[in-house]
Amino acid sequence: MSNKRATITSAGFVILLACLLVLCILTPDKKFSDNENRNLQQMPVLKTANIVSGTYMKNFEAYASDSIIARDGWVKIKNLADFISGKKDNGTAYFGQDGYLFPVDNIDKNQFEKNLIYTKNFLNKAKEQNEEINISLLIVPTSSEILREKMPKYASGLEQYKLLEKAESYFNSSLINPEEELLKHKDEYIYYRTDHHWTTLGAYYTYRLWAQKNEIEPLSADVFKIEAVSDQFYGTTYSKAAGIKVMPDSIEKFSYPSIDNVGMSIESLKETKKLPSLYDKNYLKNKDKYSYFLSGNNPLTVIEGTAENGRNILVVKDSYANCFVPFITQHFQRIYVVDLRYYKESLLNLTKEKDMTDILFLYNVIQFSNDRNLVYLLTE
């Protein structure tokens with residue numbers, strides 16, 4: 001009798017797997033996961049070279065994983081099981097204290113040093129073009145550095161401060177290290193709980209430090225009208241731990257006339273798009289709500305500032321700059337924001353053609369240590 005029951009159970013399991021396989025085949029492949037905010041692996045092209053190199057099987061495994069029916073539901077069940085069982089991470093996100101989630105990040109120290117060299121070479125050439133150009137760099141520690149007491153005790157420290165010390169040895173006074181300033185405010189809402197970015201408040205404190213270091217009078221905190229434009233933000237780190245019950249984040253806008261009355265022009269190879277504001281409300285309807293700032297990451301964004309002082313600034317950045325840039329609009333006549341992940345033209349030519357008086361690099365430590373696009377700074 002037990003053998004018969006075992007046979008029926010095995011047959012049922014095989015039938016279930018077969019049904020799942022048929023459903024996976026019949027269901028159209030999704031190209032993008034809103035929950036994970038990433039492109040999904042598509043069916044790889046069958047080529048002899050790919051088979052020999054092992055690339056085909058690697059990509060096919062990723063495709064099979066990404067294409068399984070009800071994938072988002074299975075991911076949530078797995079994450080919830082990890083959390084309930086007392087685990088402190090699920091392999092991609094740490095379950096921190098006070099509802100904070102932290103990405104399990106890696107640092108590429110060799111790439112970090114390469115990027116320091118690329119940046120220094122570029123800035124030296126920019127100085128050769130214009131000896132008077134004003135240069136500053138902000139390499140910002142992430143929440144896992146500033147809020148490390150909220151992380152699980154066993155979580156390996158990435159020691160971002162050591163990388164910042166190395167960067168200081170390359171750039172001396174041009175590097176503005178905001179770690180001490182951010183630590184002063186670590187009990188405030190300066191990093192999102194469910195996302196890898198800092199909040200507008202965290203960006204404001206760093207803007208104030210940057211302005212003081214550049215002998216610019218920063219806008220005082222009391223001049224802003226602060227409003228929450230969304231209180232239902234689940235960010236990129238939550239996407240790694242979807243299914244766990246945590247409070248959503250709030251996205252705050254710091255309103256001020258010299259910011260609110262400024263528009264921008266976004267340039268790409270396909271088109272130039274003009275927006276009447278530095279804030280794109282359309283993103284507040286989507287999961288990727290952080291792209292509300294500057295309409296996300298784009299190759300080149302041109303902003304007409306409200307100053308009439310002849311100062312034009314080039315901002316080379318990752319997404320940490322998106323909520324920072326609005327604060328500087330009253331200090332410059334024109335602002336050029338470049339993301340090297342999408343902009344591959346010569347920045348030296350842009351610096352010369354647009355009569356740049358200032359250059360600002362703004363990255364978070366993790367992105368700066370892993371970004372392989374800073375090599376395009378060498379493009380002439």
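For the structure, check the block above.
Described below are features of the structure shown in this document. Not measured: the values here are computed from a predicted model.

**Focus on unusual backbone geometry**
Most peptide bonds take the trans configuration, and most residues that are not glycine carry a negative phi.
1) Next: Despite not being glycine, S295 shows a phi value in the positive range, around 60°.
2) Next: Within the secondary structure, S295 sits in the loop between β10 (272–275) and β11 (300–304).
3) Next: In the Ramachandran plot, D355 falls in the positive-phi region, its phi being about 50° despite a non-glycine side chain.

**Focus: the packing of helix α5 (residues 109–129) against helix α7 (residues 160–171)**
1) Next: Running from N to C, α5 and α7 point in directions that differ by 25°, and their axes come no closer than 11 Å. If you check the angle between α5 and α7, you find them roughly parallel. The handedness of the crossing between α5 and α7 is right-handed. In this structure, α5 uses K109, F112, E113, L116, I117, T119, K120 and L123 to contact α7, whose residues at the interface are L163, K166, A167, Y170 and F171.
2) Next: Residues belonging to the contact of α5 with α7 are distributed by class as follows: 8 nonpolar, 1 polar and 4 charged.

**Let's talk about helix α9 (residues 200–213)**
1) Next: Taking 1.5 Å per residue as the helical rise, α9 with its 14 residues ought to reach 20 Å, and the 20 Å between its terminal C-alpha atoms agrees with that figure.
2) Next: Of all 14 residues making up α9, 11 are buried, and the element is well covered by its neighbours.
3) Next: By the burial criterion, the buried members of α9 are T200, L201, G202, A203, Y204, Y205, T206, Y207, L209, W210 and A211.
4) Next: Where α9 is buried, its residues contact β5 (134–140), β6 (175–176), α8 (179–184), β8 (249–255), β12 (312–317) and β14 (358–364).
5) Next: Two residues or fewer past α9, E215 is found with a positive phi of approximately 55°.

**A short note on the pattern of salt bridges**
Any two side chains of opposite charge can pair, so long as their charged atoms come close to each other.
1) Next: Using the criterion set out here, one finds 13 salt bridges in the structure.
2) Next: When the shortest N-O distance is used, the salt bridge between E181 and R208 registers 3.5 Å. Here R208 lies in helix α9 and E181 lies in helix α8, a separation of 27 residues in the sequence.
3) Next: Within this structure, E181, K184 and R208 form a network of salt bridges that share partners.

Procedures and definitions
Residues numbered from 1 in each chain as written. Predicted model: local features only at pLDDT ≥ 70, side-chain atom pairs only at ≥ 80, totals over all residues. Heavy atoms only, no water. Helix = DSSP H or I, 4+ residues; strand = E, 2+ residues; numbered from the N terminus. Axes fitted to C-alpha atoms, helices over the stretch in contact; angles between N-to-C directions. Parallel < 35°, antiparallel > 145°, perpendicular 65-115°, else oblique. Left-handed = near helix turned anticlockwise from the far one by under 90°. Contact = heavy atoms within 4.5 Å. Nonpolar A, V, L, I, M, F, W, Y, C, P; charged D, E, K, R; others polar. Expected span 1.5 Å × (residues − 1). Buried < 20%, exposed > 50% of the residue type's maximum accessible area, 1.4 Å probe, protein only. Salt bridge = Lys/Arg side-chain N within 4 Å of Asp/Glu carboxyl O.

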